[in-house]
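Understanding the architecture of this molecule
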Number of protein chains: 4
Amino acid sequence: MDDSFVSRNQLRLTCKGAHVVVHAAEKHAAAMSVPQCIAVVDPGGHLLAFSRMDGARIGSIEIALTKARTAATRLQRSGDVGGTSDSGKVSIALASQLNLTGMAGGIPIVVEGQVLGAVGVSSGKAEQDVEVGEAGIAALLDG
Amino acid sequence: MDDSFVSRNQLRLTCKGAHVVVHAAEKHAAAMSVPQCIAVVDPGGHLLAFSRMDGARIGSIEIALTKARTAATRLQRSGDVGGTSDSGKVSIALASQLNLTGMAGGIPIVVEGQVLGAVGVSSGKAEQDVEVGEAGIAALLDG
Amino acid sequence: MDDSFVSRNQLRLTCKGAHVVVHAAEKHAAAMSVPQCIAVVDPGGHLLAFSRMDGARIGSIEIALTKARTAATRLQRSGDVGGTSDSGKVSIALASQLNLTGMAGGIPIVVEGQVLGAVGVSSGKAEQDVEVGEAGIAALLDG
Amino acid sequence: MDDSFVSRNQLRLTCKGAHVVVHAAEKHAAAMSVPQCIAVVDPGGHLLAFSRMDGARIGSIEIALTKARTAATRLQRSGDVGGTSDSGKVSIALASQLNLTGMAGGIPIVVEGQVLGAVGVSSGKAEQDVEVGEAGIAALLDG
C-alpha cells in the first residue's frame, strides 16, 4: 500500500488516561467547593469518561458534553468558538444543529501536537469551569 | 454497604404535594384573572402534575414545562439562568439543546434545604408567572 | 407542612457509589476480555458516571445510556421492557420517542427496596452486558 | 358572514372537566393498586391536565402523552390505530414521526358525538391502562 494512504504514529487517549483527567478535575473542583459535571471525549466528540459530582446540576450534564464535543471537534477551546461576538457564537450553534457551543469550559487535550480529545466542564462559573478542566489536563500531562 | 455510597434522609415530593402546588397556583391566577399553564416536575425535570386553565395559551404549555425543568435541574430560578444578558440566556438554551430557558417563571421547590422539584408557569407576563408560581409553593409550605 | 406532601427517608446514590459500580463493571469486563461502555444514571435517567473501555464500540455509547435510562425510569431490567415479543419492544421504543429500549443490559440499582438509578452496559453480547452490569451492582451492595 | 364559514355549537372540555377525568382515573388506579401516569389532552393533542401517581414510572410519562395525543388526533382508541398488525402499528408511528402510537391506553373523550379530547394512561398492563382511562371518562359523563 502506498505510504501516503495512511498516517502512522497517531496517539490515542486511553480509557485510563481519560479517567486521570476526570478524577484530577473532580479533585480540583472539590478543593474549590464547586461541584461539577466533567466529560472527556475522543477526537470525534464521543464520550470516554464522565462524572457528575454530588451537588452538580443535572441541567449541566448536556452542557458539559456539548463543551467537550465542541473543543474536540473544533480543535480549539469552546470559549473561542464563534469568535468574541454574541452573534458569532449563536450562528455556530445554529449552523451545527446545536452540536457546538461558544461557551467557555471545553478544552482540547493536546499531546505532542495532536488533539486527542477534550474535556468539558459545567456547573460553575465560566472561569471556574475552565480552571477545573485545565487541572484535569495538567494531571494527565504531568502524570 | 459502605456509608459513603448513598446519601440518606432525602425528601421526595408526593403526587399530593404536587397537586397542592398546581391548585393553589390556579387559584391565585384565577384571582388575578390571568389564565395560566402550570407544571410541577421532580428534581430530574420529569412531570408530576400539570394544569392548563381555561383561556391559557396552547403555545405556553411547552414553555411552562421548560421553565419548570430548568428551575429543577439548575437548582435556581429560571429567570436567573444565563445571567442578566440576552446572550447568556441564548447561549445556555442552545448549549442545552433547548432543554433550558432563561425566561422567568420557573421556581425551585425547596423544603428543608433540599430541591424537591420545581413549578413552571407560563401564559401571563413574566412577573405574573413568577407570582403565580410563588403562590403555589407557598401553599405547599404553609399547608 | 402536611406530612402527606413529602415522602421521607429516600436514598440517593452518591457520585462515589456510582463510580464503584462503573469500576467494578470495568474490572469484570476486563476479566472477560470484552471491552464495554458502562453508564450509571440516577432515578430520572440522568448520567452520574460513564466509562468507555479501550476497544469498546463508539456505536455502543448511546445504547448503554438508553439501557440505563430505561432500567431507571421503568423500574425494571431493560430486557424485560416491552415483554418478550419483538413487536412489544418496538412499540415501547417508538411510543417513548426512542428514549426507552427493550434490549437487555440495563439493570436497576436497588438498595433497601428503593430504585436509586441503574447501570447500562453495551458493547458485548446481551448476556455479557447483563453479567457486567450485575458485577458492578454487586460491588456496590457488597462494598 | 356566510353561515357556512363557521360551525357553531362546538363543545370544549373545560379545565375542570379535564381534572375530573384525571382524578377519577387516579382513584380507580389507586383502588387497583396500580400507580399510573394520566394525561388529558384537547382535540389538538395538547395537554390540559396531568398526574403522575406515587410509584408510577417516569418512563411512562411520555407514553401516556403519546397515547392521549393519538386518541385525540386520530379520533379513535390508540389501541386501534394501525390496525391489528404489528407492521401497521410501526408504520403509523414512523410516518407520524413518533407522534402517534398503536399501544392501547389512549381513549377519546366523546360528548354528544363530538371528540373533545382524550385521556392517555400508562404504567400498568395494557388492559389496566384502558380500564383506568375508561373510569376517568365515565366520571366525566356521569358527573
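Scroll up a little and you will see the structure.
Report follows, based on the coordinates. (Residues numbered from 1 in each chain as written. Chains lettered and ligands numbered in written order. Predicted model: local features only at pLDDT ≥ 70, side-chain atom pairs only at ≥ 80, totals over all residues. Heavy atoms only, no water.)

Taken together, the contact pairs 18 residues of chain C with 18 residues of chain A. Considering only the surface of chain C that becomes buried against chain A, C:Leu47, C:Arg52 and C:Asp54 emerge as the three largest contributors, covering 33% of it. Linking chain C with chain A are four salt bridges. Linking A:Asp54 and C:Arg12 is a salt bridge whose minimum nitrogen-to-oxygen distance equals 3.3 Å. The interface formed by chain C and chain A includes 15 residue pairs in polar contact (both at pLDDT 80 or more). Every element with two or more residues in the side of chain C that touches chain A is listed here: helix H1 (15-32) and strand S3 (47-52) of chain C. If one sorts the elements of the side of chain C that touches chain A by residue count, S3(C) sits on top with six residues. (Contact = heavy atoms within 4.5 Å. Buried area = accessible area lost by both parts, 1.4 Å probe. Salt bridge = Lys/Arg side-chain N within 4 Å of Asp/Glu carboxyl O. Polar contact = N/O pair within 3.5 Å; in protein donor to acceptor, adjacent residues only side chain to side chain. Helix = DSSP H or I, 4+ residues; strand = E, 2+ residues; numbered from the N terminus.)

If you walk across this open sheet you meet the eight strands as S3(A)-S4(A)-S1(A)-S2(A)-S3(C)-S2(C)-S5(C)-S4(C), and the pairing is antiparallel. Whereas interior strands pair on both sides, the edge strands pair on one side only; in this sheet they are strand S3 (106-111) of chain A together with strand S4 (106-111) of chain C. Strand-to-strand twist of the sheet, defined as the mean angle between neighbouring strand axes without regard to direction, takes the value 20°. The sheet strands contacting helix H4 (residues 126-142) of chain A are S3 and strand S4 (114-122) of chain A, and the helix crosses S3(A) at an angle near 15°. (Pairing = 2+ DSSP bridges. Axes fitted to C-alpha atoms, helices over the stretch in contact; angles between N-to-C directions.)

Another aspect to go through is the interface of chain B and chain C. If you look at the interface, chain B gives 24 residues, while chain C gives 24 residues. For the chain B and chain C pair, buried surface summed over both sides reaches about 2,100 Å², with 56% attributable to carbon and sulfur atoms. Among the residues chain B hides against chain C, the three largest losses belong to B:Met1, B:Phe5 and B:Gln10. Together they make up 28% of the total. Between chain B and chain C we count two salt bridges in total. Scanning the region where chain B abuts chain C turns up 17 residue pairs in polar contact (both at pLDDT 80 or more). For the side of chain B that touches chain C, the elements supplying multiple residues, two or more each, are strand S1 (6-13), helix H1 (15-32) and helix H4 (126-142) of chain B. Element by element, the count of residues in the side of chain B that touches chain C is highest for S1(B), at eight residues.

Residues and elements named next belong to chain D. The buried fraction of strand S4 (residues 114-122) amounts to seven of the nine residues, a majority that puts the element mostly inside the structure. Bridging between strand S1 (residues 37-41) and S4 involves five bridges; their strand directions are antiparallel. Residue pairing in the sheet places Cys37 in a bridge with Ser122 of S4. Here strand S3 (residues 106-111) folds back onto S4 in antiparallel fashion, the turn holding two residues, of which Glu112 has a positive phi close to 50°. (Buried < 20%, exposed > 50% of the residue type's maximum accessible area, 1.4 Å probe, protein only.)

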